[in-house]
Amino acid sequence: MAGHGARGRSGGRPTLEEVAARAGVGRGTVSRVINGSPRVSDATRATVEAAVAELGYVPNTAARALAANRTDAIALVVPEPETRFFAEPYFSDMLRGVGAELSDTEMQLLLIFAGSDRERQRLAQYLAAHRVDGVLLVSVHADDPLPDLLSQLEIPAVISGRRSAEETLPSVDSDNYGGGRLAVEHLVARGRRRIVHLAGRLDVFGAQRRVDGYREGLRAAGRPADDDLIVAGDFTEEGGRRAMTELLARCPDLDAVFAGSDVMAAGARQVLREAGRRTPDDVALVGYDDSAIARHMDPPLTSVRQPIEEMGRAMIDLLLGEIADRRPAVSRDLEKRQVVLPTELVARASS
């Protein structure tokens, strides 16, 4: 009976997480059922409603107040220049996943760029006025002040990629460490001996983890992970060109390249061609993201696939749960709110 389930596992008011666990669904799905969204099957709705009745779940006062004063808007904040957003497939794929997951809700999506100090100040004022119900923050650097601002303003937020191993905000990421290792294992299996890495920006935790995976892949193969084999770029095509030029000068006998993004791999391929190095005959090339760029390169690029659209969907699912259940962060299970999705290697002709 509902009366027997009125106290959650913690001994207090039943939580949204406990309803989700009882129903075997995500927090966002429970939120959609509670808010009457049509984007839930009849079977799932019945299962969630049964769990709500069993546990005696009632949205807390803060959640009810939010429901009465909500803006029905979510901001997707990109702390990068607009030029980078439109140049890199990662962002458009993320936006596609976010939009698909929001399509059957009442929420409006706002795209906000905050790549300069002036844009960040304007964004801070906008957010302080509580004009959105929640924020998705994409492409976060270690020193980015926006996550802390969101915490101070108590605005529900989910970030794409943790800032560090001690991340305190809900996040969705891919297995960057595993992806880096997959790339190296693939190149070792192809008989490559001198494998270099064009890393992304090392103030991005995901790029750091790809480097860690690269090092572990070499270590497991009995190869030295020499710092001379790693040059950091900035995930751009020009960054890939610069890093590849430097690595060719350092290691003229290199026979394989693992690039931290497909865009960087495209820049590296140009430099290799100009240097008379054939791909994959002389130098095997592996990228990261498995974007449209990988499929359209000549030869087609082997790439580590991270499920970017699925990451966007997962971010929305997590954020809807955060909006529906605004208990203090200390009372919530952070581990369940940090999602890591698997990566896989897609082999093509470049390796």
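Our subject in this report is the structure included herewith. Computed from a prediction, not measured in an experiment: that's the story for all the values here.

Analysis parameters
- Residues numbered from 1 in each chain as written.
- Predicted model: local features only at pLDDT ≥ 70, side-chain atom pairs only at ≥ 80, totals over all residues.
- Heavy atoms only, no water.
- Phe/Tyr/Trp six-rings, centres within 6.5 Å; stacked < 30°, edge-to-face > 60°.
- Helix = DSSP H or I, 4+ residues; strand = E, 2+ residues; numbered from the N terminus.
- Buried < 20%, exposed > 50% of the residue type's maximum accessible area, 1.4 Å probe, protein only.
- Lys NZ or Arg CZ within 6 Å of the ring centre and 35° of its normal.
- Pairing = 2+ DSSP bridges.
- Axes fitted to C-alpha atoms, helices over the stretch in contact; angles between N-to-C directions.
- Core = buried A, V, L, I, M, F, W, Y, C linked by side-chain atoms within 4.5 Å.
- Contact = heavy atoms within 4.5 Å.

Digging into the packing of aromatic side chains
Okay, step 1: Per the counting criterion, the structure on display carries six aromatic pairs.
Okay, step 2: Taken together, a centroid distance of 5.2 Å and an interplanar angle of 80 degrees make the contact between Phe85 and Phe113 edge-to-face. With Phe85 in helix H5 (residues 82-87) and Phe113 in strand S2 (residues 108-113), the pair connects residues that are 28 residues apart, well separated along the chain. An identical accessibility class is assigned to Phe85 and Phe113; each is buried.
Okay, step 3: Measuring from centroid to centroid gives 6.3 Å for Phe258 and Tyr288, while their planes differ by 45 degrees, and the two rings are tilted. Taken together, the residues Phe258 in strand S8 (residues 256-259) and Tyr288 in strand S9 (residues 284-289) connect sequence positions 30 residues apart.
Okay, step 4: Judged by relative accessible area, which is 0%, Phe258 ranks as buried.
Okay, step 5: Joined through ring pairs, the aromatic side chains of Phe85, Phe86, Tyr90, Phe91 and Phe113 make up one cluster.
Okay, step 6: When the ring centre of Tyr288 is taken as origin, the NZ or CZ atom of Arg210, which lies over that ring, is 3.8 Å away.

Looking at the sheet that holds strand S1 (residues 73-78)
Okay, step 1: Strand order across the open sheet formed by six strands is S2-S1-S3-S4-S5-S11, with parallel pairing between neighbours. Whereas interior strands pair on both sides, the edge strands pair on one side only; in this sheet they are S2 and strand S11 (338-341). Ignoring which end each strand starts from, the neighbouring axes of this sheet average 20 degrees apart.
Okay, step 2: With four bridges connecting them, strand S5 (residues 171-174) and S11 associate as parallel partners. Residue pairing in the sheet places Ser171 in a bridge with Gln338 of S11.

Details of the nonpolar core
Okay, step 1: The biggest cluster of nonpolar side chains holds 41 residues, and the ones touching the most others in it are Leu198, Tyr214, Met244, Leu254 and Val257.
Okay, step 2: Secondary-structure elements contributing two or more residues to this core are helix H9 (176-189), strand S6 (195-199), helix H10 (205-220), strand S7 (230-232), helix H11 (237-250), S8, helix H12 (262-274) and S9.
Okay, step 3: No other element matches H12, which puts six residues into this core.
Okay, step 4: What Met244 contacts, discounting residues up to four positions off in sequence, is Leu198, Leu254, Val257, Ala268, Val271 and Leu272.
Okay, step 5: Counting residues in each nonpolar core, the second largest holds 25 residues, with Leu136, Met315, Ile323 and Leu341 among its members.

Points about the sheet that holds S6
Picture the strands of a sheet paired through backbone hydrogen bonds; they go either parallel or antiparallel.
Okay, step 1: Strand order in the open sheet formed by six strands is S7-S6-S8-S9-S10-S12, and the pairing between neighbours is mixed. Of all the strands in the sheet, the pair left with one neighbour each is S7 and strand S12 (344-346). If you compare each strand with its neighbour and ignore which way they point, the axes differ by 20 degrees on average.
Okay, step 2: With three bridges joining them, S8 and S9 adopt parallel strand pairing. Residue pairing across strands places Val257 opposite Leu285, the latter belonging to S9.

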